[in-house]
Structures are given as C-alpha cells and as structure tokens.
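One-letter residues, chain by chain:
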Amino acid sequence: MIEVKNLTRVYGNHTAVDNISFTVEDGKIYGFLGPNGAGKSTTMNMITGCLSITSGQILINGFDIFEEPEKAKKCIGYLPEIPPLYTDMTPYEYLLFAAGAKGVKRSQRKKAVLKAIEATGLIEMKDRLIKNLSKGYRQRVGIAQAIVSEPEIIILDEPTVGLDPIQIIEIRDLIKSLAKDHTVILSSHILSEIRAVCDDVIIINKGKIIACDSIESLESTLKGRLEIKLEAKASFEQIKELLGEFEVSFIEEENGYVKVSVLTEGDEKEVMEKIFNKFASVQKPIISMCRIKADLENIFVEMTEKEDNNDSNL
Amino acid sequence: MTAIYKRELKSYFCSVTGYMFCAFMLLFAGIYTMAVNINSAYANFEYVLSNMSFIFIIIIPVLTMRVISEERKQRTDTLLYSLPVSMTKVVVSKYLAMLTVLAVPVLVMGLYPLVLSLFGKVNFLSAYSALVGFFLLGAGLISMGLFASSLTENQALSAGIAFLIVLINYFITSFAYYLSSTAAASLIALAIMVLALVVIVYVLTKEFSLSASVAIIGEGILFFVYYAFPEKLEGLFPAIIEKLSLFERFNIFTQGIFDISSVIYLVAVSAVFVFLTVQSMEKRRWS
C-alpha cells in the first residue's frame, strides 16, 4: 500500500507537484493519467525515492521512503521513463546484477532471473548484448528488472511509449498478468491504454489531482446523465420555455437557428421523442438532434479544461 | 553491495580500460626496472616506483572518467537511486572496484623485488613499504578522480578535471619552491584561500550569514597571527602546499621510511573524497 500525503515538489520557482494526496490499495492496477508535463514522472520519481520532496510524506507499506529508504525501496520495482540498462551486458547478466543489488538471495537469484525472463518473453534474447536489442525488447528488459525481485508494488513510467502496436498489446497483457499478484501503477498520457489495463485512475493536471476513482464509477457518473445536442429554428428563450423540465444551455446561434445542449437523465430514445413532440406541437422545426457520448475521454478533456478555465479566471 | 562491485569490476575487464590501465602501468614498471635496477645496478626497487609515479597523471583519469559520468549519461543512475542500497554503499562499491583494478598491476609489481633478489641483495622492507605507499597514492588519486566523475555527465570533462587534479598534485611541490616565503606573502595567499573557501561555502549553502562568519573568523585568525606572531607565518604557505600534495607524501616512502602519518593522510584523503562523491550524488536528488 502506498500513502501519499500532501506531496509537493518545487523546481526553482516552478511547482511541478502541488499538494497531492492519494492512497494506492493492494492488488489493483492504477493508471496515472495526465497530459505531458502534468507531474506524472516527478511524482513517480518521488514515490520511488529517486527525487527528494519539497514537503509532504510518502509511506510504502508503512515505511517512509526518506526515513527508512532501504525497507521502503525493497517493496518497489521501478521502471523509469528511460529504462536504466547497462548496454554492454546481456539481459541475463543485467538481471542477475539487478537481482543481486536488490537483495535477492544468491541461491534464488538464477531462478528469479529466469522467471522474470520468461514472464517478459525474453528467452530468445537473453544472451544477446542489450545494445543490440530493439526498443521493444529493451523495454521488456526494463520491466523484467522491475519485477525480478518480486516486489509487492510495481511502478512503470510510460511503459508502452515508442513501441509498435503488437508490442503494446503484448506489454499490456504482461502488465495485466503481473497484476494477479502485484500492485501496479503505470503512467500514461494515452487514455485508451489506461482504459484497457487499469482498474482505478488518478487524473493529474498541472501538478494537481483532479480525479481519483475507479474507471467504472467515473464513467457511470456520466452514464446516468444524458446530454443531447439540439439545433432548432427558434429563439433560445422559446426553447428554454419548451424544455422547461430539462437543463438547457446555449451553444451558438446562426441565421435564426439556435444550437443548445440539453442535460437530463433517462432513456435516450424516450427523451428524444418527448423533445420532438414538444417542438412539433408548436411547429418549431428541429434541424438536428443527437446524443453526446460520455466516456473517459470526455471526463478527461472536461476536467483538464475546467482546471485550465479556473486558472485563466484567476 | 557485492553485486555493484562485481558489475563494476566486470565492466573494466570486459572493456579495454582495465587491461590498458594494467598494461600501461606494467610497461613503465618494466622500463624503469630495466633502467634503474638492471642497467644502473641499483638494488632499490623504491627508486623505480618513485620514477614511474608520474604515470598516474595519465592513467588515473582513464580509470575514473566514466565511473559515474557514464551512469548519468545513460540514465542508469535512476536504477542506483531506486535500489534498496544506500548511496554510500554504491559509491564505496565503485571505489573498491577501481582499487581492485589498481591492485592487479601493483601485485604483479610485488614480484619484481623477488626476481631481483635472485641476482643480489634487495632490501625487501623498503621495497614493499614503498609499494604500499604507491598503492595508497593511487587510492588517494582515484578517490579524487571519482569525485571529478560525479560532477559532470560529460566523460571528457570528467577526465579533464581528474587530469588537472593529479597534475596539480604532482607539480605543486616544485611550484611551492618558487613561492616567496615571507610572512606577508603567506598572509596574502592564505587570505585568498580563506576567501575561496567562503565562496565555496556560499555557493553550496546559499547562506549569507554562515559564509560571512566563516570569512570573519578565518581572516580574523590570520591577521591576529600575522600581527602577534609574524614569524609563525614565515614559509607557512609553501609548507602547507607541500604537505597537501599526495605525491610529496609518497616520496617519503621512497626514501625508505614507512611514515604512519602519511599512511593516515592518504587514507583520510581517500575517505574525504569518497564522502564528497556520496554527497554530490545525494545532491542530485534535490535538483
């Protein structure tokens, strides 16, 4: 379990991570989502003890990462953004070194290395020099390094960046299989990836957490609600009067045609029928009407934009 | 810790660096043994060591330049930071690996007095105490090179800094010889050194009050000594410089003296620079 409390990190006069708090429960896959430069890598570097913190506290299984770094770091396997590989070694040698440095007992070292090699599909490559491996295989060696000591928590910083589509699918499957007996945190700026792999998502923007919830509950808050985009030949006041029971907001007006968005709940078709009948009864023609789909993508865009608007208002 | 030590040692002997280091040292040991012991028929192996100590200027930077710079450049240092091992252990492992590389040619050179003894009488005690001094000199210089390597991610720059440090160590005694030994000259030189220290303190801590108090106390003591006991300052600066040079300490061993204070000095210098390297690595977490 990871507990992050009021974590802040300041570079010079730029605040990269601003007073964030969250808890990572055991046995789940967490997605760390945010646009470039949101503070994802900074946060991960701090959780793994690679970067000092300006203020706050990080507890890994109850051990403070800066008070008892050796105990805390033993619980973590970390793959940084750029895999830290010694390119003049073979994956087998490298993993043997990593296992030794992480305190895997000598008698179990070879077994642990072979297990990690098998899990990451590196068997054929294990005796080639890392410098001769392709980017995808290097990434796998990096992941193997993170899991070789069988830590409880695995932290992967953008594990699929720069891989081809087939490799991405393989790595995702690998991450899913890891989650059976590890807690996994992975960062990404690609939504579909988080959606495909993670249980919970932490959305971060400009160093602040703007959402921390399971993907289902984030989406279900949006699923219950129904947003309909409507264009009709009527004034905004008339539309508002017609659709009194719904929440109507103005989008734009062009040559007497008004576009509005209608926010409500219930069945899509029933609501649309109701709206149509209302407009028909007063003979105001509807030009178009469609539902706006709500998904993680929308949540993300909405939330990051909302934050940006708040900032610009200040 | 052993894992890091082994990896480091392997990287020296999987590449050309380790072999070059040993070969270069043994080449010069061979040349000077031939010239001093065989051609000129001296039975003192310590003269060989004294003559060849200059090669440290060339080979120490070669050995130390990549030890930390490379990690930083390849971003493998993140692995070191995330290991459940303290930074002190990481740096000490790396240092020990380099000492092992140094020990290989030194041990081979340990056979030379034995070989020479087949042809005449060799004073083993002075020969081997000089060899110990030679190893300690190398250990001290390597610790300085290690520190230089932790300062930059550019290997060439790191080699350059190490080269300069060893070079200054080598020539500073002959340089001190030309310095004026009057009390006033010592006062000025020492005052400048205190100011340099103050600047370093300020750059590192950014605390004005601390550096100001260092300046006031340091300069105060200097001027007090200058006005109260000017004779104490006479020749002090050249003497200090001479005492600081690692090569000067080693030269005591080559005169057939096993000087405990020099042993302590060389070990202490190594410890200080290893400590500084650890601090320099720790500081990176903060930037």
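Residues numbered from 1 in each chain as written. Chains lettered and ligands numbered in written order. Predicted model: local features only at pLDDT ≥ 70, side-chain atom pairs only at ≥ 80, totals over all residues. Heavy atoms only, no water.

## A word on the pattern of salt bridges
All names here are of chain A.
Now for step 1: One pass over the structure, following the stated rule, counts 16 salt bridges over all chains.
Now for step 2: Here Lys 28 ties to Asp 200 by a salt bridge, and the two come within 3.7 Å at their closest N and O atoms. Taken as a pair, Lys 28 in the loop between β2 (14-24) and β3 (29-33) and Asp 200 in strand β9 (residues 200-205) lie far apart in primary sequence, 172 residues in all.
Now for step 3: Judged by its relative accessible area of 11%, Asp 200 falls in the buried class.
Now for step 4: Of the charged contacts in the structure, one is a salt bridge between Arg 140 and Glu 170, with a shortest N-O distance of 2.2 Å. Here Glu 170 lies in helix α6 (residues 165-178) and Arg 140 lies in helix α5 (residues 135-147), a separation of 30 residues in the sequence.
Now for step 5: The exposure class assigned to Arg 140 is buried, which follows from its relative accessible area of 11%.
Now for step 6: Classification of Glu 170 by relative accessible area gives partly exposed; the value is 39%. (Salt bridge = Lys/Arg side-chain N within 4 Å of Asp/Glu carboxyl O. Helix = DSSP H or I, 4+ residues; strand = E, 2+ residues; numbered from the N terminus. Buried < 20%, exposed > 50% of the residue type's maximum accessible area, 1.4 Å probe, protein only.)

## Let's talk about α5 of chain A
Now for step 1: An ideal rise of 1.5 Å per residue puts 18 Å on 13 residues; α5 of chain A measures up with 19 Å between its terminal C-alpha atoms.
Now for step 2: When we look at burial in α5 of chain A, the residues that qualify are Gly 136, Gln 139, Arg 140, Val 141, Gly 142, Ile 143, Ala 144, Gln 145, Ala 146 and Ile 147 of chain A.
Now for step 3: Looking at the packing, one finds that the buried side of α5 of chain A touches β6 (76-79), α3 (91-101), α4 (106-119), β7 (153-157) and α6 of chain A together with α6 (77-82) of chain B. (Expected span 1.5 Å × (residues − 1). Contact = heavy atoms within 4.5 Å.)

## Considering the sheet that holds β2 of chain A
Residues and elements named next belong to chain A.
Now for step 1: With respect to topology, 4 strands assemble into an open sheet ordered β2-β1-β4-β5, the strand pairing being antiparallel. The open sheet is flanked by β2 and β5 (63-64), the only strands paired with a single partner.
Now for step 2: Pairing geometry for strand β4 (residues 55-60) and β5, over 2 bridges, is antiparallel. By the bridge assignment, Leu 59 is partnered in β5 with Asp 64. (Pairing = 2+ DSSP bridges.)

## A short note on the packing of helix α2 (residues 16-39) of chain B against helix α4 (residues 56-64) of chain B
Residues and elements named next belong to chain B.
Now for step 1: Two elements in contact, α2 and α4, have axes whose closest approach is 10 Å; the angle formed by their N-to-C orientations is 165 degrees. By the criterion of interaxial angle, the relationship of α2 to α4 is roughly antiparallel. Handedness of the crossing formed by α2 with α4: left-handed. Residues Thr 17, Met 20, Phe 21, Phe 24 and Met 25 of α2 pack against Phe 56, Ile 58, Ile 59, Val 62 and Leu 63 of α4.
Now for step 2: Class assignment for the residues of the contact of α2 with α4 results in 9 nonpolar, 1 polar and no charged. (Axes fitted to C-alpha atoms, helices over the stretch in contact; angles between N-to-C directions. Parallel < 35°, antiparallel > 145°, perpendicular 65-115°, else oblique. Left-handed = near helix turned anticlockwise from the far one by under 90°. Nonpolar A, V, L, I, M, F, W, Y, C, P; charged D, E, K, R; others polar.)

## Let's talk about the packing of aromatic side chains
Now for step 1: According to the stated counting rule, one finds 18 aromatic pairs over all chains in the structure shown.
Now for step 2: Measuring from ring centre to ring centre gives 5.7 Å for Phe 28 of chain B and Phe 54 of chain B, while their planes differ by 85 degrees; the resulting arrangement is edge-to-face. A residue pair is termed long-range when its members are at least 10 positions apart, and Phe 28 of chain B in helix α2 and Phe 54 of chain B in the loop between α3 (45-52) and α4 qualify at 26 residues.
Now for step 3: Both rings, one in Tyr 170 of chain B and one in Phe 247 of chain B, keep their centres 4.9 Å apart while their planes meet at 90 degrees; by these two values the pair is edge-to-face. With Tyr 170 of chain B in helix α10 (residues 155-177) and Phe 247 of chain B in helix α15 (residues 246-254), this residue pair connects regions lying 77 residues apart in the sequence.
Now for step 4: According to the relative accessible area criterion, Tyr 170 of chain B is partly exposed, its value standing at 26%.
Now for step 5: Grouping aromatic residues by their ring pairs yields a cluster made of Tyr 86, Tyr 94 and Phe 97 of chain A.
Now for step 6: Residue placement shows Arg 249 of chain B over the ring face of Tyr 265 of chain B; its charged tip is 4.3 Å from the ring centre. (Phe/Tyr/Trp six-rings, centres within 6.5 Å; stacked < 30°, edge-to-face > 60°. Lys NZ or Arg CZ within 6 Å of the ring centre and 35° of its normal.)

## Looking at the confidence of the model for chain A
Now for step 1: When pLDDT is averaged along chain A, the result is 85, and 92% of the positions lie at 70 or above.
Now for step 2: For chain A, helix α11 (residues 296-313) of chain A is the element with the lowest average pLDDT, namely 65, and α3 of chain A is the one with the highest, namely 94. (pLDDT = per-residue confidence, 0-100.)

## Observations concerning the domain arrangement of chain A
Now for step 1: With domains assigned, chain A is organised as domain 1 (2-214) and domain 2 (224-291).
Now for step 2: When each unit is reduced to the centre of its C-alpha atoms, the spacing between domain 1 of chain A and domain 2 of chain A is 48 Å. (Domains from an automatic or database assignment.)

## A few points about a nonpolar patch on the surface
All names here are of chain B.
Now for step 1: A surface patch of nonpolar side chains, amounting to about 760 Å² of accessible area, comprises Val 104, Val 108, Leu 111, Leu 114, Val 115, Leu 118, Phe 119 and Phe 124.
Now for step 2: Of all the secondary structure elements, the ones that give two or more residues to the nonpolar patch are α7 (87-109) and α8 (111-117).
Now for step 3: The greatest single-element share of the nonpolar patch, amounting to 3 residues, is contributed by α8.
Now for step 4: Topologically, Val 108 is positioned in helix α7. (Patch = residues over 30% accessible without salt bridge, like charges linked within 9 Å, V, L, I, M, F, W, Y side chains within 5 Å. Areas by Shrake-Rupley, 256 points an atom, 1.4 Å probe, with all protein chains shown as cover.)

## So, the environment of Tyr 11 of chain A
Now for step 1: The topology assignment puts Tyr 11 of chain A in strand β1 (residues 2-11).
Now for step 2: C-alpha of Tyr 11 of chain A to C-alpha of Leu 226 of chain A: the two residues are 215 residues apart in sequence and 43 Å apart in space.

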